[in-house]
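Residue-level structural notes
So you can see what is in the structure, the chains are spelled out below.
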Amino acid sequence: MKTARHHAYPCCSIGRRKFLVDAGLGFTGLALRALLFEDRNARAAESAAESSALVPKAKNVIWLFMLGGASHLETFDPKPALDKYDGKTIGKTPFEHVLQAPHLVKNIRPIARKPQTGTQILRTQVGFRKRGESGIEVCDWLPNIGDRVDDLCVIRSLWTTDFSHSAQMEFNTGRTSLLDGREPSLGSWAHYGLGTLNSQLPQFIVLGRPPSDFGGGHASHQASYLGPEHDGVPLDVDPARAVPYPPGGPAQYQETQQAEFELVGRLNRLAAVEYPSDPALQARIKSYELAFRMQTAMPDIVKLNNETAETQKLYGLDNPVTSPFGKQCLVARRLVERGVRFIQIYHGGDADDDNGLWDSHQELRKNLSQRCSEVDQPIGGLLKDLKRRGLLDSTLVVWVTEFGRSPNMEPRPKGATDTENLRGRDHHIFGFSAWMAGGGIKGGLVHGCTDELGFHAVEKRHYVTDIHATVLHLLGLNSRQLEIPGRKRLDVERGRPIAEIIA
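What this report covers is the structure whose coordinates are included nearby. (Residues numbered from 1 in each chain as written. Predicted model: local features only at pLDDT ≥ 70, side-chain atom pairs only at ≥ 80, totals over all residues. Heavy atoms only, no water.)

**Topic: the packing of aromatic side chains**
Taken as a whole and judged by the stated rule, the model has 13 aromatic pairs. With centroids separated by 5.3 Å and ring planes inclined at 80°, the aromatic side chains of F204 and F342 adopt a geometry described as edge-to-face. With F204 in strand 5 (residues 204-207) and F342 in strand 7 (residues 342-347), this residue pair connects regions lying 138 residues apart in the sequence. Summarising the burial analysis for this pair, F204 and F342 share the class buried. (Phe/Tyr/Trp six-rings, centres within 6.5 Å; stacked < 30°, edge-to-face > 60°. Helix = DSSP H or I, 4+ residues; strand = E, 2+ residues; numbered from the N terminus. Buried < 20%, exposed > 50% of the residue type's maximum accessible area, 1.4 Å probe, protein only.)

Printed below as a string of structure tokens:
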């Protein structure tokens, strides 16, 4: 019988594919699951090994992105010259030279319209005051963030190249999609390079409404050619909708649903044997497993009523103006506590405004004061809460926006005859501000500066991907070594860490 069996089924006739199929059927895909898991970890370890000389200072990142272009001149970069020369054109001031600066042409991509510089200077629309022991000036619309200024490094010398709102994608990925195609987002690079801290939750989570399609849409937090398993996972802070696409229809027992997931998983793994190099299939296999775990973990994370009343008030949950963003910031802290590596929070996304609500072409004083009031207490509360819990040292908080606003007023049909409350500022790519805190960043510091009008970044200038390189460096990754075969990155997309601001 043994001889006949060997003749009937010679060992040389059992191919590798047949063996894997049999193994998948016999052990419910455990072998293949292990192979896929090891493959993911191997690639992450390989990327991390290249930068093993870097000692990570941060474990988590909270990336706060203000959609529409927050004015640096009314937030973190006060310019008294705007008040002095209010109503004059730039060419009629001692600073006419800014209009001949090489950056005016050099830093604009061909798709962008040129800035309109012939209108009158618009004075600063809000007061500033020195805050904290460091004495850094912050606008009066941001008192709670101002109270935490000794934890911040304010970077006043950023520049970018895209004059349109597709700069939202440029800041999040390093590329202008209309000219360069898509590049992985910063959160996706962190996910790809470092792997998981918690197998129960995604390592890259997205809160808030993302940019419109014009601004990059979901590509602003996706992984492009790294594969969909490294995309940011959207999360809603409403406990009833925490996990996207919850199962509908009649209620199911958990055991029934688990059996369904196991069946789908088994079928997917059998397909993976036939198509072992299909990244979308591998990502789907992992997403089914993760989705089942998320259904129990996520609703608990966004149930904020178990936080103390003091903590809820700290984030502004008792105020309808601050509550929406406050909930997102509080959930971000809870995600950090549970080991989520990268949390990206959008503010200003709106179904009726493709540009983002921080866009202030008119009524700047009304619009910007409202936007600041929505985020100031939640962000200030987040910084305070992280610090008192001992989490700020290992959590990097970054506040960014796609560009700043012009020192001169937005051209309007009535021009100077418009009342001041109707006036606003145009997009501005030549100089604007961001800040970073915690996670290995020096606090109470201003880095770089713009000229007297806030027009050009003139000292310690940084393209937006220098922020990316700094974040990755603090996580222990070298941005100049993060690359996969066949996908050459442009030098400008890699950026360079801002060494002077790293503790």
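So, next bit.
**Considering the nonpolar core**
One finds I62, L64, V331, I343, I379 and W435 to be the most contacted residues of the largest nonpolar core, which totals 53 residues. Top contributing element to this core by residue count: helix 14 (residues 364-388), with eight residues. Beyond its immediate sequence surroundings of up to four residues, I62 is in contact with A332, V336, I343, I345, L382, L386, T395, L396, V397 and V398. Residues C153, L226, Y346 and F432 belong to the second largest nonpolar core, which totals 41 residues. (Core = buried A, V, L, I, M, F, W, Y, C linked by side-chain atoms within 4.5 Å. Contact = heavy atoms within 4.5 Å.)

**Re helix 15 (residues 465-474)**
By the criterion of burial, helix 15 is predominantly enclosed, with nine of the 10 residues buried. Buried residues of helix 15: T465, D466, I467, H468, A469, T470, V471, L472 and L474, and no others. Positive backbone phi, at 95°, marks G476, one or two positions downstream of helix 15.

**So, the packing of helix 9 (residues 186-194) against helix 15**
At a minimum axis distance of 11 Å, the contact between helix 9 and helix 15 shows a crossing angle of 25°. Between helix 9 and helix 15, the interaxial angle falls into the category roughly parallel. With respect to the hand of their crossing, helix 9 and helix 15 are arranged in right-handed fashion. Every residue of helix 15 that contacts helix 9 at L186, W189 and A190 is listed here: H468, V471 and L472. Among the residues making up the contact of helix 9 with helix 15, the classes are represented as five nonpolar, one polar and no charged. (Axes fitted to C-alpha atoms, helices over the stretch in contact; angles between N-to-C directions. Parallel < 35°, antiparallel > 145°, perpendicular 65-115°, else oblique. Left-handed = near helix turned anticlockwise from the far one by under 90°. Nonpolar A, V, L, I, M, F, W, Y, C, P; charged D, E, K, R; others polar.)

**Observations regarding the layout of surface pockets**
By volume, the second largest pocket is sized at about 540 Å³. Taken together, 29 residues make up the lining of the second largest pocket; nearest its centre are G208, R209, Y346, G349 and D350. A per-element tally of the lining of the second largest pocket places helix 13 (residues 323-337) first, with four residues. Across the lining of the second largest pocket, the residue classes tally to 12 nonpolar, 10 polar and seven charged. (1 Å grid on protein atoms, 1.4 Å probe; cavity = no way out; pocket = protein on both sides within 12 Å on 5 of 7 lines; lining within 4 Å. Points joined across faces, edges and corners; volume = space filled by probe spheres on them.)

**Quick word on the pattern of salt bridges**
The full count for this structure, using the stated rule, is 26 salt bridges. Linking R129 and D140 is a salt bridge whose minimum nitrogen-to-oxygen distance equals 3.1 Å. On the criterion of sequence distance, the pair formed by R129 in strand 2 (residues 128-131) and D140 in the loop between strand 3 (136-139) and helix 6 (143-147) is long-range, its members being 11 residues apart. R129 gets classed as partly exposed once you look at its relative accessible area, which sits at 47%. On the accessibility criterion, D140 (31% relative accessible area) is partly exposed. (Salt bridge = Lys/Arg side-chain N within 4 Å of Asp/Glu carboxyl O.)

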